[in-house]
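Inside the fold
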Amino acid sequence: VGNMGLPKAVHQLQQIIRQENEQTSQMIRSEAIMALRQLREVLPHKIQQILLPIFMNKQESNEVRMAAAYQVFQTQPTRPVLDQMARSLFSERSQQVASFVYSYMRTVSNSSNPCEKNFAKDLKLALRHGRQIGAAFLPQFSKAVHASAHSQTFRLGGDAEFISVISNRTVLPRFIALDLHANAAGFWSKYLAGISIAQENVESLITRFMRRTEFDDINLEDILARNSRGAQNPVMELKKIWDQLST
């Protein structure tokens, strides 16, 4: 519904987003938040009104809060809103959320895109009110990274945004996305191309598959210990593992 870009769709999405009961999964709520992307330029203040309280609510799930924060950033809010989000880093209890918000604010503040010049300046000033997150760019934490390369001489450039949402309860990322933008002759083509992958409960399926193949009968600690000591013949080691899987 939201992908159609119809302003009246915001009310339907708002009902899904605000459903905090267990019957509505966090993945569905996050997808409803991301579906607001076509309405960001049409109803930026309405989107901020809906999503900013969700981001500030620390009782919400981390995945939903990160999706809300990202969409608020995409509306390019004013300095007071950015200052509020930056100050929230001091009281943020989730390292995942703090890493996500800080990484996005930091990388976009260094953007060379002329269309984002004022927004980048506001972000840089807002970060003065926030807490620096040293672990924001480590692979085990969620992040939203913005990279840009632009030439004033040729009036040409491009931007890329990489998003990785990680849960403390799982090893695999819950959500991964890559968006590409282009800027040519003063015209900004946002979302020139993009790809995203979302998953829920995939690890439980992998665990069931491994149990069906009786993989859990193998002592992984012994295998890792042998590898850490350095196997003299790696082919023989692989053969032993294969034999155990085949029995």
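As a reminder, the structure under discussion sits directly above these lines.
Now for a look at the structure at hand. (Residues numbered from 1 in each chain as written. Predicted model: local features only at pLDDT ≥ 70, side-chain atom pairs only at ≥ 80, totals over all residues. Heavy atoms only, no water.)

1. Topic: the overall build of the chain
Within the chain, the secondary structure is distributed over 10 helices and 4 strands. When its helices and strands are written in sequence order, the chain yields α-α-α-α-α-α-α-β-β-β-β-α-α-α. By the burial criterion, 40% of the 247 residues in the chain qualify as buried. Taking all contacts inside the chain whose residues are at least 6 apart in sequence as the whole, residues at least 24 apart take part in 59%. Per element, the accessible surface of the chain, about 14,400 Å² overall, is 56% carbon and sulfur. (Helix = DSSP H or I, 4+ residues; strand = E, 2+ residues; numbered from the N terminus. Buried < 20%, exposed > 50% of the residue type's maximum accessible area, 1.4 Å probe, protein only. Contact = heavy atoms within 4.5 Å. Areas by Shrake-Rupley, 256 points an atom, 1.4 Å probe, with all protein chains shown as cover.)

2. With respect to empty space enclosed by the protein
One pass over the full model with this rule turns up 2 cavities of 30 Å³ or more. By volume, the largest cavity amounts to about 220 Å³. As for the largest cavity, its lining consists of 16 residues, of which S30, E63, A67, V165 and F175 are closest to the centre. For the lining of the largest cavity, the leading source of residues is helix α2 (residues 26-34), giving 5 residues. For the lining of the largest cavity, a count of residues per class yields 10 nonpolar, 3 polar and 3 charged. (1 Å grid on protein atoms, 1.4 Å probe; cavity = no way out; pocket = protein on both sides within 12 Å on 5 of 7 lines; lining within 4 Å. Points joined across faces, edges and corners; volume = space filled by probe spheres on them. Nonpolar A, V, L, I, M, F, W, Y, C, P; charged D, E, K, R; others polar.)

3. Structural notes on the environment of Q15
With respect to the element layout, Q15 can be found in helix α1 (residues 9-17). Spatially, the C-alpha atom of Q15 lies 9.6 Å from that of R29, the residues being 14 residues apart in sequence.

4. Notes on the side chain of H146
With respect to the helices, strands and loops of the structure, H146 is situated in strand β1 (residues 143-151). Looking at H146, its side chain comes within polar contact range of the side chain of E116, at 3.5 Å. A distance of 2.9 Å separates polar atoms of two side chains, one belonging to H146 and the other to E161. If sequence neighbours within four positions are ignored, H146 has contacts with T107, V108, S111, E116, D159, A160 and E161. (Polar contact = N/O pair within 3.5 Å; in protein donor to acceptor, adjacent residues only side chain to side chain.)

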